[in-house]
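Observations on chain architecture
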Amino acid sequence: MSERTPSQWEELTAADPRHSTWYVERFRTMAAEGKDIFGEARLVDAMLGRGGRVLDAGCGPGRLGGYLHEAGHVVVGVDVDPVLIAAAEEDYPGPTWLVGDLAELDLPGRGVKADFDVIVCAGNVMTFLAPSTREAVLAGFARHLGPAGRVVVGFGADRGYDFSQFLTDAATAGLAVDLRLSTWDLRPFTDESQFLVAVFSRAGA
């Protein structure tokens, strides 16, 4: 078996072990101050009927999956960082929170059905992956979709992953782009956009 390639997030937290705790407290503080930390989740909620199955890929401390659970959906969250998963379990009980590498995603192997209505990957997660694993992560998303499922990915420009390369990688991984936006509140994508929210279906679905 080949050695697993650590994500850029893992390299960051190895260099600064306090980073994960800082990240958790950052969102706890924002929530306590009444700031909106759920915008991405509202978009996903609008894509679903009640009781939809959602995979929060790179779920971090659980803000999106927690919101979607409260909205009536069945949520599974996966993140490589056990500190963030522990915070998700504490702050947002209800979803299934799992420590796992998105590049090796195999939820059926862990007793979770691979039939998600939406897979959401927000918070610049794609840019924290090891570059060599990006296609594998996107292919894993395609494998875990239900027949009419969709994948929603959002990340910013100038973070080491060119938008055009990302769309090419997604196509190679078996995902067909349905919609491109420049924000989570549905503003259109242009050549000048500094953020991309892309909605995909499984190719040929």
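Residues numbered from 1 in each chain as written. Predicted model: local features only at pLDDT ≥ 70, side-chain atom pairs only at ≥ 80, totals over all residues. Heavy atoms only, no water.

1. Re the pattern of salt bridges
What the rule picks out here adds up to 13 salt bridges. The shortest N-O distance in the salt bridge between D16 and R18 comes to 3.4 Å. The residue D91 makes a salt bridge to R28 at a minimum N-O spacing of 2.7 Å. Of this pair, D91 sits in helix α5 (residues 82–91) while R28 sits in helix α2 (residues 19–32), and the two are 63 residues apart along the sequence. Three or more residues are tied together by salt bridges with common partners; here these are E25, R28, E90 and D91. (Salt bridge = Lys/Arg side-chain N within 4 Å of Asp/Glu carboxyl O. Helix = DSSP H or I, 4+ residues; strand = E, 2+ residues; numbered from the N terminus.)

2. With respect to α2
An ideal rise of 1.5 Å per residue puts 20 Å on 14 residues; α2 measures up with 20 Å between its terminal C-alpha atoms. Three or more residues of α2 are buried, namely H19, S20, Y23, V24, F27 and M30. In an axial view of α2, the angular spread of the buried residues amounts to 145°, which keeps them on one side of the axis. Looking at the buried positions of α2, the neighbouring elements they touch are α1 (8–15), α4 (63–70) and α5. Positive phi shows up at G34, right after α2, with a value of about 80°. (Expected span 1.5 Å × (residues − 1). Buried < 20%, exposed > 50% of the residue type's maximum accessible area, 1.4 Å probe, protein only. Arc of directions from axis to C-beta. Contact = heavy atoms within 4.5 Å.)

3. Some details on the pairing of strand β5 (residues 145–156)
The element β5 is extensively covered by neighbouring structure, given that nine of its twelve residues are classed as buried. Examined bridge by bridge, strand β4 (residues 116–121) and β5 share five bridges and lie parallel to one another. The residue of β5 that forms the bridge with V118 is R150. Handedness of the crossover joining β4 and β5 through helix α6 (residues 134–143) is recorded here as right-handed. Alignment of β5 against strand β7 (residues 195–202), held across seven bridges, turns out to be antiparallel. Counterpart to V151 in the pairing with β7 is F200. (Pairing = 2+ DSSP bridges. Right-handed = clockwise from strand over helix to strand, strands pointing away.)

4. Observations regarding the packing of α2 against α5
Two elements in contact, α2 and α5, have axes whose closest approach is 9 Å; the angle formed by their N-to-C orientations is 30°. Here α2 lies roughly parallel to α5, going by the angle between them. Of the two possible hands of crossing, α2 and α5 adopt the one that is right-handed. Listed contacts from α5 to S20, T21, Y23, V24 and R28 of α2 are V83, L84, A87, E90 and D91. (Axes fitted to C-alpha atoms, helices over the stretch in contact; angles between N-to-C directions. Parallel < 35°, antiparallel > 145°, perpendicular 65-115°, else oblique. Left-handed = near helix turned anticlockwise from the far one by under 90°.)

5. Some thoughts on the packing of aromatic side chains
The final tally for this structure, using the stated rule, is eleven aromatic pairs. Centre to centre, the rings of W9 and Y23 are 5.3 Å apart; their planes meet at 75°, and the pair counts as edge-to-face. You can see W9 sitting in helix α1 and its partner Y23 sitting in helix α2, a full 14 residues away along the chain. In this pair, the class of W9 matches that of Y23, namely buried. Taking the centre distance of 6.5 Å and the plane angle of 50° together, the rings of W22 and Y23 count as tilted. W22 sits in the partly exposed class, given a relative accessible area of 48%. Judged by its relative accessible area of 14%, Y23 is buried. (Phe/Tyr/Trp six-rings, centres within 6.5 Å; stacked < 30°, edge-to-face > 60°.)

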